[in-house]
Amino acid sequence: MTEPPHRPSQPTNVCVVLLDSLNRHMLGSYGGTEFDTPNLDRFAAEQATRFTRHVTGSLPCMPARHDILVGALDFLWKPWGSIELWEQPITRVLGRQGVTSMLVTDHPHLFEVGGENYHTDFSGWDYVRGHEGDLWRTHADPSWIGSPAMPARAGDWWARTQFGDIGLTRGYDRSRTFFRDELDYPGPRTMTEASRFLREATPHHDSWFLFVDEFDPHEPFDTPAPWAGRYHEEPWDDDWIIWPPYAVGAQADGNLSDAEGRHIRANYGAKLSMIDHWFGSILDAFDEGGLWDDTALIVCTDHGHYLGEERGGRDIWGKPSIPQFEPLGHTPLLIHWPGQPGGQTCDALTTNVDLFATIADVYGATVDHRTHGTSLVPLLTGDTTSIRDWAIGGVYGNWVQITDGVRKYARSCSGDNFPLSMWSNRWSTMPTHVSGYGELPMPDDRAVLDRMPGSTVPVIRQPFQAGDMLPFWVGRHNPDDHHLYRLDLDPDEQENRAGDALEREMTDMLRTALAEIDAPLEQLVRLGIA
């Protein structure tokens, strides 16, 4: 009698390492040659399955984490914000099941309004201070002599060139003056503490979940020796540029020189290589503790970061208000699954809410609120080759995108970008650190109590109209600026096929997707497809 094939055992634990703004196309494991990423490449080759069609969902930073930790797309209902009353993060459910959860992070948005309650249901958390906008220090260190942190342009340099002094402050500009060696930088410190948890804490727990929310290689693109200047191809005598612009056409319009563009891109590469080096400490801890046998290791990101890539003949930098082109929206995903060999490839279409579903699947956890993901476990174990026909994503009040993994359609608003409402009971968003700027309009007498799909909890729904102050993330709108690409034929998205016969098919797919997730009807009206 033939024995049944061996089925890999379900892991007991999960470790997620989220590297913010991790560019898929710059990793060696995805064909990148510009920068060195030996540890991520080693992980992909020896221990992980490499997913080739993983795409963003809700954007940017905190909405993407909401996808992963709460499992529900939220960009169609609200911008950047905290966990709502009707939602249960995976950590709350795990805690009730006796699973120990730990957060190790240097991500400042988790500890300010708009992200203030994502950490509260972890069994423990370790916040490494000093990254990006973290208001860790109130003054610069007077003893700083320009080392190891190189003299750099202030965080408001780009805003000043475009708009004058708008009162923008960056906490990191003060924090970096207190660093004395590489281990003082937030990224290395975070990875050190995460590996410490793996080595010292996990033996004390029968089942555990570790979420490493590492803000590198997100800006500021600031590194010490030996990383600083590693990819510079020409002398640079000016203050370093560690804060990239968020702009379209910065070089084309003459606001950013080609040399400045190369310098910024090289500095991103240096930070990418530095955090890759420290990611190696995670791999070492797995090796030393024999964790590969019972622990799933997921390496993911929230989105990519434009570094001068061109679309429509215009260079793009940062995360400006445009559709999610491939450099930002097509992201890496590497997963080690116990019992499965490394070096495998999965071509199925996946997105970040599927990570929530996968984590829940490992622990047999369920939540009461409506979620939108499908577990990746059948893909990892070889029981199926596909889990979804489409993936949807976007930024609140902007383009809504859908892809089947080959075709991608981004639909903008039709007309004036209304109707548009915000659905929330917490009413918080990311601080901009701009003096005198209010990030969210308050609810007014137009607000009504409504219900989220699948929930009986009343929620404030605030409608907006022309002339209102809108949430920061809405940005500008380009009516009828739709984008349609055949990624199999045009991976660099140079031929916009909007207007072709295919657009009708993709519009029908988008309409179907919005109906399946019970998106507000006003979104279909706003997009002109009701």
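Residues numbered from 1 in each chain as written. Predicted model: local features only at pLDDT ≥ 70, side-chain atom pairs only at ≥ 80, totals over all residues. Heavy atoms only, no water.

Caption draft 1: Region of the structure containing helix α2 (residues 61–70). For α2, the tally of buried residues reaches ten of ten residues, placing the bulk of the element in the interior. If you check which residues of α2 are buried, you get C61, M62, P63, A64, R65, H66, D67, I68, L69 and V70. Residues of α2 that are buried sit in contact with β1 (13–19), β3 (58–59), α3 (90–96), β6 (208–214), β8 (295–300) and α9 (353–363). Remark: G71 follows α2 within two positions and exhibits a positive phi of approximately 85°. (Buried < 20%, exposed > 50% of the residue type's maximum accessible area, 1.4 Å probe, protein only. Helix = DSSP H or I, 4+ residues; strand = E, 2+ residues; numbered from the N terminus. Contact = heavy atoms within 4.5 Å.)

Caption draft 2: Focus on the nonpolar core. Among the nonpolar cores identified, the biggest contains 59 residues, and V17, F43, M191, L210 and F279 are the most heavily contacted of them. Those elements giving two or more residues to this core turn out to be β1, α1 (38–46), β4 (100–105), α4 (157–163), α6 (186–201), β6, α7 (258–289) and β8. At 13 residues, α7 tops the list of elements feeding residues into this core. Those residues in contact with M191 that lie beyond four places of it in its chain are V17, L19, V212, E214, I275, W278, F279, S281 and I282. L333, I335, I359 and V367 belong to the second largest nonpolar core, which has 54 residues in total. (Core = buried A, V, L, I, M, F, W, Y, C linked by side-chain atoms within 4.5 Å.)

Caption draft 3: Looking closely at the pairing of strand β18 (residues 458–464). Bridge analysis of strand β16 (residues 420–423) against β18 gives four bridges, and the strand direction is antiparallel. Each residue of the ladder has a partner; that of L420, found in β18, is F464. In this structure, strand β17 (residues 448–451) lies alongside β18, joined through four bridges in antiparallel fashion. Within β18, the residue paired with V448 across the bridge is R461. Hairpin connection from β17 to β18: six residues lie between these consecutive antiparallel strands, with G454 at a positive phi of about 80°. (Pairing = 2+ DSSP bridges.)

Caption draft 4: Main features of α7. Helix length check: α7, at 32 residues, gives a terminal C-alpha distance of 47 Å against a target of 46 Å (1.5 Å per residue), a fit within 8%. For α7, the tally of buried residues reaches 24 of 32 residues, placing the bulk of the element in the interior. Looking one or two places after α7, you find G290, whose phi comes out positive at around 60°. (Expected span 1.5 Å × (residues − 1).)

Caption draft 5: View of the packing of α1 against α7. At their nearest, the axes of α1 and α7 sit 7 Å apart, and the two run at 40° to each other. Between α1 and α7, the angle falls in the class oblique. Residue-level contacts link P38, N39, L40, R42 and F43 of α1 to D276, H277, F279, G280, L283, D284 and D287 of α7. Class assignment of the residues belonging to the contact of α1 with α7 gives a composition of five nonpolar, three polar and four charged. (Axes fitted to C-alpha atoms, helices over the stretch in contact; angles between N-to-C directions. Parallel < 35°, antiparallel > 145°, perpendicular 65-115°, else oblique. Nonpolar A, V, L, I, M, F, W, Y, C, P; charged D, E, K, R; others polar.)

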